[in-house]
Amino acid sequence: MTVFLVLIVIALFAVAIWQMSKIYALSKGNSQGDNGEVANGKDNRINAKLMVMFMVFLYFLMFYCFWHYSKFYLPEASSAHGSKYDNLMFISIALIMVVQVITQFLLHFFAYKYKGEKGKRALFYADNDKLEFIWTIIPVIVLAGLIIYGLFTWSDIMNFEEDEDALVVELYAQRFNWKARYAGDDNILGDANVRFIEGINQLGIDPSDTDGSDDVVTTELHLPVGRQVVFKLRSQDVLHSAYMPHFRAQMNVVPGMITQFSFTPTVTTEEIRETDYMQEKMRTIQQIRNEKSKVLVAKGEPALDSYDEFDYYLLCNKICGKSHYNMQMKIIVETQEEYDEWIKGQKTFAQSMTE
Ligand SMILES: [Cu+2]
């Protein structure tokens, strides 16, 4: 490694000496005549054409990316607020797109049109108040509009009112897993503190707080469809981020404080599995897995499990350590009846502590 670094230093030093000698030769040389160092008419024409070609390349790249990567777009949001979020994103991107196409053209076209030519002199043009006013006021109005629209959308989503029958769920982040704590029959989460963490009580629920005795701790997140969920987020160790892309939800999980987010799921797991988007997606993923399996089997290793049932997931979106990529919890959106049935089968905190 050291040898490698020394070699790089020597090489860079040689390049620096060579460049310096070139600058020295340039400063000594006369600017008259074609000495190869000063751009002539031919060089200017080549550069002007390259500018146009670069513009065409950029436009081509743009269309290619849209065409090739659009399949990675998320499906329609599975939460009530999701479409507001998507609209904001779409309008912002569309605006950026239009401006980008126009300014890209102007930049490269002018570089072509006003290329260096022998005998052509640049026009000294000090200022033009009217032009400056126009290119200041238009961005001001557009940006102010976007920001105000964004602020309204933000406060719409973030400053929620808690419904009477909202479901309160705590998401507890720990390197490298998630746990969910349901508030139980009283819909109040018991106090919790890292000092109470002991044995089976991994979330540090205060055993003396009666609000906590009916709390239910699970490793799967079940949510009843059409009912508002209020998430209270806590972390045991480092900064995590609760990310539920299909519900357009993300919130930092910060040690030492409780953050919150709320949404209403609108599409059950069953329903989203039936959509054309998901069916197609599952087919593609299964195909990729089949091909990988073939390679694995040829090497004498076991094939991959088949993957044909989509599930929502809660992911961690802050790099929190070496197994960060695998920090996830399955989310199941179901009917209220199915949810009631499931939660009945879970142990409360009091029950699991007496065992
Ligand atoms: Cu994490």
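In this report, the structure presented in the accompanying data block is examined. What you see is a predicted model, and the numbers here were worked out from it, not measured in a lab. (Residues numbered from 1 in each chain as written. Predicted model: local features only at pLDDT ≥ 70, side-chain atom pairs only at ≥ 80, totals over all residues. Heavy atoms only, no water.)

### What about the overall build of the chain?
Then, in step 1: If you tally the helices and strands in the chain, you get 8 helices and 10 strands.
Then, in step 2: The principal-axis extent of the C-alpha atoms belonging to the chain is close to 95 × 60 × 45 Å.
Then, in step 3: The long-range share in the chain, meaning contacts at least 24 apart out of those at least 6 apart in sequence, stands at 71%.
Then, in step 4: When the accessible surface of the chain is summed, it comes to about 24,000 Å², and 63% of that surface belongs to carbon and sulfur atoms.
Then, in step 5: Looking at charge distribution, the chain has the averaged site of its 33 positive side-chain charges lying 18 Å from that of its 44 negative ones. (Helix = DSSP H or I, 4+ residues; strand = E, 2+ residues; numbered from the N terminus. Contact = heavy atoms within 4.5 Å. Areas by Shrake-Rupley, 256 points an atom, 1.4 Å probe, with all protein chains shown as cover. Lys, Arg positive; Asp, Glu negative; His and termini not counted. Charge placed at Lys NZ, Arg CZ, Asp CG, Glu CD.)

### Observations regarding helix α4 (residues 129-158)
Turn by turn, an α-helix covers 3.6 residues, leaving residues three or four places apart pointing in a common direction.
Then, in step 1: In this model α4 runs 42 Å from its N-terminal to its C-terminal C-alpha over 30 residues, within 8% of the 44 Å that 1.5 Å per residue would give.
Then, in step 2: The complete set of buried residues in α4 reads Gly150, Thr153, Ile157 and Met158.
Then, in step 3: For α4, the secondary structure elements touched by its buried residues are α3 (82-113), β7 (249-253) and β8 (259-263).
Then, in step 4: Its side-chain oxygen at 3.0 Å from the backbone nitrogen of lysine 130, asparagine 128 defines the N-terminal cap of α4. (Expected span 1.5 Å × (residues − 1). Buried < 20%, exposed > 50% of the residue type's maximum accessible area, 1.4 Å probe, protein only. Polar contact = N/O pair within 3.5 Å; in protein donor to acceptor, adjacent residues only side chain to side chain.)

### Topic: the sheet that holds β8
Then, in step 1: One open sheet holds the 5 strands; their spatial order is β3-β2-β1-β5-β8, and the pairing between them is mixed. In the strand order of this sheet, the two ends are held by β3 (216-218) and β8, each with one partner. Direction aside, the axes of adjacent strands within the sheet are offset by 25 degrees on average.
Then, in step 2: Together, β1 (167-174), β2 (177-182) and β3 form the strand contacts of helix α7 (residues 336-344), whose direction differs from that of β2 by roughly 100 degrees. (Pairing = 2+ DSSP bridges. Axes fitted to C-alpha atoms, helices over the stretch in contact; angles between N-to-C directions.)

### A few points about the coordination of the copper ion
Then, in step 1: Every protein donor of the copper ion is accounted for by His240 (ND1), Cys316 (SG), Cys320 (SG) and Met327 (SD), and the metal-donor separations fall at 2.1 to 2.7 Å.
Then, in step 2: One can describe the donor arrangement at the copper ion as tetrahedral, given that its 4 donor atoms subtend angles of 93 to 127 degrees at the metal.
Then, in step 3: For the copper ion, the donor residues sit on a single chain with the sequence spacing H-x75-C-x3-C-x6-M.
Then, in step 4: Take cysteine 320: its relative accessible area is 7%, and that puts it in the buried class. (Donors = N, O, S within 2.8 Å, 3.2 Å for Na, K, Ca; no water. Tetrahedral: all angles 85-135°; square planar, octahedral: opposite > 155°, others 65-115°.)

### Let's talk about the pairing of β7
Then, in step 1: In β7, alternate side chains face the same way, and those of Ala249, Met251 and Val253 are buried while those of Gln250 and Asn252 on the opposite face are not.
Then, in step 2: As defined by bridge partners, strand β6 (residues 240-244) adjoins β7 across 5 bridges and the pair is classed as antiparallel. Looking at the pairing, alanine 242 lines up with methionine 251 of β7.
Then, in step 3: Linking β6 back to β7 in an antiparallel pair, the connection comprises 4 residues, with arginine 248 at a positive phi of about 50 degrees.

### Quick look at the pattern of salt bridges
Then, in step 1: Under the defined criterion, the tally for this structure stands at 11 salt bridges.
Then, in step 2: When the shortest N-O distance is used, the salt bridge between arginine 181 and glutamate 170 registers 2.9 Å. With arginine 181 in strand β2 and glutamate 170 in strand β1, this pair connects stretches of sequence that are 11 residues apart. Each member of the pair, arginine 181 together with glutamate 170, is buried.
Then, in step 3: Arginine 283 is the salt-bridge partner of glutamate 280, the closest N and O atoms lying 3.4 Å from each other. Of this pair, glutamate 280 and arginine 283 both sit in helix α6 (residues 276-298), 3 residues apart, which is roughly one turn of that helix. (Salt bridge = Lys/Arg side-chain N within 4 Å of Asp/Glu carboxyl O.)

### Things to note about the packing of aromatic side chains
Then, in step 1: In this structure the tally under the stated criterion is 14 aromatic pairs.
Then, in step 2: Taking 5.5 Å as the distance between ring centres and 85 degrees as the angle between the ring planes, the aromatic pair formed by phenylalanine 310 and tyrosine 312 counts as edge-to-face.
Then, in step 3: Owing to a relative accessible area of 7%, phenylalanine 310 belongs among the buried residues under this scheme.
Then, in step 4: Grouping aromatic residues by their ring pairs yields a cluster made of Phe231, Phe247, Phe263, Phe310 and Tyr312.
Then, in step 5: Sitting above the plane of the tryptophan 18 ring, lysine 22 keeps its charged end 4.9 Å from the centroid. (Phe/Tyr/Trp six-rings, centres within 6.5 Å; stacked < 30°, edge-to-face > 60°. Lys NZ or Arg CZ within 6 Å of the ring centre and 35° of its normal.)

### A closer look at the nonpolar core
Then, in step 1: Ranked by size, the top nonpolar core spans 39 residues in total, and within it Leu171, Trp178, Tyr182, Leu221, Phe231, Met244 and Ile331 carry the most contacts.
Then, in step 2: Sorting elements by how many residues they give to this core places β1 first, with 4 residues.
Then, in step 3: Ignoring anything within four residues of it in the chain, the contact list for leucine 221 reads Val169, Leu171, Ala180, Tyr182, Phe231, Met329, Lys330, Ile331 and Ile332. (Core = buried A, V, L, I, M, F, W, Y, C linked by side-chain atoms within 4.5 Å.)

### Topic: empty space enclosed by the protein
Then, in step 1: In total, this model carries 1 cavity of 30 Å³ or more according to the counting rule given.
Then, in step 2: Roughly 30 Å³ of internal volume is contained in the largest cavity.
Then, in step 3: In terms of lining, the largest cavity is formed by Phe231, Leu233, Ala242, Met244, Ala249, Gln250, Met251 and Phe261.
Then, in step 4: Mapped onto the lining of the largest cavity, the elements with two or more residues apiece are β5 (229-235), β6 and β7.
Then, in step 5: Broken down by element, the residue count for the lining of the largest cavity peaks at 3 residues, all from β7.
Then, in step 6: Taken together, the residues of the lining of the largest cavity sort by class into 7 nonpolar, 1 polar and no charged. (1 Å grid on protein atoms, 1.4 Å probe; cavity = no way out; pocket = protein on both sides within 12 Å on 5 of 7 lines; lining within 4 Å. Points joined across faces, edges and corners; volume = space filled by probe spheres on them. Nonpolar A, V, L, I, M, F, W, Y, C, P; charged D, E, K, R; others polar.)

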